[in-house]
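# An overview of the molecular structure
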Amino acid sequence: MSVADRGTGTVDRNSPGDRVPVDPASIVHGMPPGHEHARDAALMVHDVTVAYDRRPVLFAIDLDVPAGCLCAVVGPNGSGKTTLLRGCLGLVPLAAGHVRMLGGQRLDQVRADVAYVPQRESVDWDFPVSVRDVVRMGRLPHRRWFGRMTAEDHRRVDEAMARVEIGDLADRQIGRLSGGQQQRVFLARALAQDARLYFMDEPFAAVDATTERAILDVLRDLRRQGRTVIAVHHDLPTVAAFFDRAILLNQRLVAYGPVDEVLTPVHLERAYGGRLVPLAAAADALRTQAGG
Ligand code: ADP
Ligand code: MG
């Protein structure tokens, strides 16, 4: 059992429609869905509900993510994945519940240790700044008001750009980058921050295979260093192959736990409903991996 497997077991929740009965075999008995591990959890989400214009889009989410694990957030479009991240980061108000991080602390106590890679489409790429400018923003949480960049700050920025191989793009305007390069810039900014908990919203969207491998390498490095990554990702076979845990959402928590216990045909049907065509292949891939 790896470090990442510690913590809570799979949690089953009823979906809004509740068309498919709970598969008792998918529940890990003896591992209650409470917060027994919260004290060493990297992320603790307790009974969180988020509403836009008083319309709830995320209901009563309850989960703990142990430190040192790669945790995927999975679910159909509009299922609340981005909202869950934004709620954890204090970017949208919680209608109910609370979030604790890095051993039970509030976000404002650990802000410098929490990094965010937003969805690429949510960013204004016409903003006239260079790659290096963006990566330097990762150092802001560590600086005093009006403080200058220290030698340490410059070193971290250069290291982060080198790590994702964008050193040669340092002076380029961010609007003049490919999708994959833009993802790398955000990743570099997060790495420069040297955080302990990373939230990433679709870091693999619109990247080529080379960039996908480079990003996966970075994520595994972070895990090896005991850091925690919570990443929204659509590609279920990649989630199954590279992530330790998965949060399966459809406005409610459909399932949470080790990936092979979460990405089962029953859970996927409950989360995605009729949109099962690509999922059948994913479930097959999972079974093959579990068997081999
Ligand atoms: P996902 O990331 O899983 O695609 P989101 O978290 O972006 O889903 O959205 C969840 C739901 O909340 C969707 O129905 C979406 O239309 C709605 N929503 C998202 N952002 C806003 C917003 N700023 N104002 C109103 N509704 C929103
Ligand atoms: Mg989203």
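Residues numbered from 1 in each chain as written. Chains lettered and ligands numbered in written order. Predicted model: local features only at pLDDT ≥ 70, side-chain atom pairs only at ≥ 80, totals over all residues.

The subject of this paragraph is the overall build of the protein chain. Looking only at helices and strands, the protein chain features 10 helices and 10 strands. Excluding contacts between residues fewer than 6 apart, the proportion of contacts in the protein chain whose partners are at least 24 apart in sequence is 71%. (Helix = DSSP H or I, 4+ residues; strand = E, 2+ residues; numbered from the N terminus. Contact = placed C-beta atoms within 7 Å.)

Another aspect to go through is the sheet that holds strand β2 (residues 41-52). Pairing between the strands of a sheet comes from backbone hydrogen bonds, and it takes one of two forms, parallel or antiparallel. Spatially, β3-β2-β5 is the arrangement adopted by the 3 strands of the open sheet, whose pairing is antiparallel. Every interior strand has two partners, whereas the edge strands, β3 (55-66) and β5 (96-101), have only one. The average angle at which neighbouring strand axes cross in this sheet is 15°, direction not considered. Sheet topology note: the β2/β3 ladder contains 8 bridges and is antiparallel. When the bridges of β3 are listed, Ala-41 appears paired with Pro-66. (Pairing = 2+ DSSP bridges. Axes fitted to C-alpha atoms, helices over the stretch in contact; angles between N-to-C directions.)

Here we take up the pairing of strand β7 (residues 197-201). When you tally the buried positions in β7, you get 5 out of 5 residues, the bulk of the element. Judged by which residues are buried, β7 turns out to be covered on both faces: Leu-197, Phe-199 and Asp-201 on one side and Tyr-198 and Met-200 on the other are all buried. Pairing analysis gives 4 bridges linking strand β6 (residues 114-117) to β7, with the strands arranged parallel. Along β7, the bridge assignment pairs Val-114 with Leu-197. As paired strands, β7 and strand β8 (residues 228-232) are joined by 5 bridges and run parallel to one another. Following the sheet pairing, Asp-201 is matched in β8 by Val-232. Since β7 and β8 lie parallel, the crossover through helix α6 (residues 209-224) that links them has a hand, and here it is right-handed. (Buried ≥ 20, exposed ≤ 12 C-beta atoms within 10 Å, placed from the backbone. Right-handed = clockwise from strand over helix to strand, strands pointing away.)

With that out of the way, let us pick up helix α1 (residues 81-88). Taking burial as the measure, the 8 residues of α1 include 8 buried ones, the bulk of the element. All buried positions along α1 are accounted for by Lys-81, Thr-82, Thr-83, Leu-84, Leu-85, Arg-86, Gly-87 and Cys-88. Of the residues trailing α1, Gly-90 is marked for its positive phi of about 70°.

Let us look at the packing of helix α5 (residues 179-193) against α6. Contact geometry for α5 and α6: axes closest at 10 Å, N-to-C directions at 10°. Between α5 and α6, the crossing angle belongs to the class labelled roughly parallel. Here Gly-180, Gln-183, Arg-184, Leu-187 and Leu-191 of α5 come into contact with α6, specifically with Thr-211, Ile-215 and Val-218. For the contact of α5 with α6, the class distribution of residues is 4 nonpolar, 3 polar and 1 charged. (Parallel < 35°, antiparallel > 145°, perpendicular 65-115°, else oblique. Nonpolar A, V, L, I, M, F, W, Y, C, P; charged D, E, K, R; others polar.)

Quick look at the environment of Arg-223 now. For Arg-223, the location among the structural elements is in helix α6. When the C-alpha positions of Arg-223 and Arg-196 are compared, they lie 9.8 Å apart, and in sequence the two are 27 residues distant. Excluding residues that lie within four positions of it along the chain, Arg-223 makes contacts with Gly-68, Cys-69, Leu-70 and Val-229.

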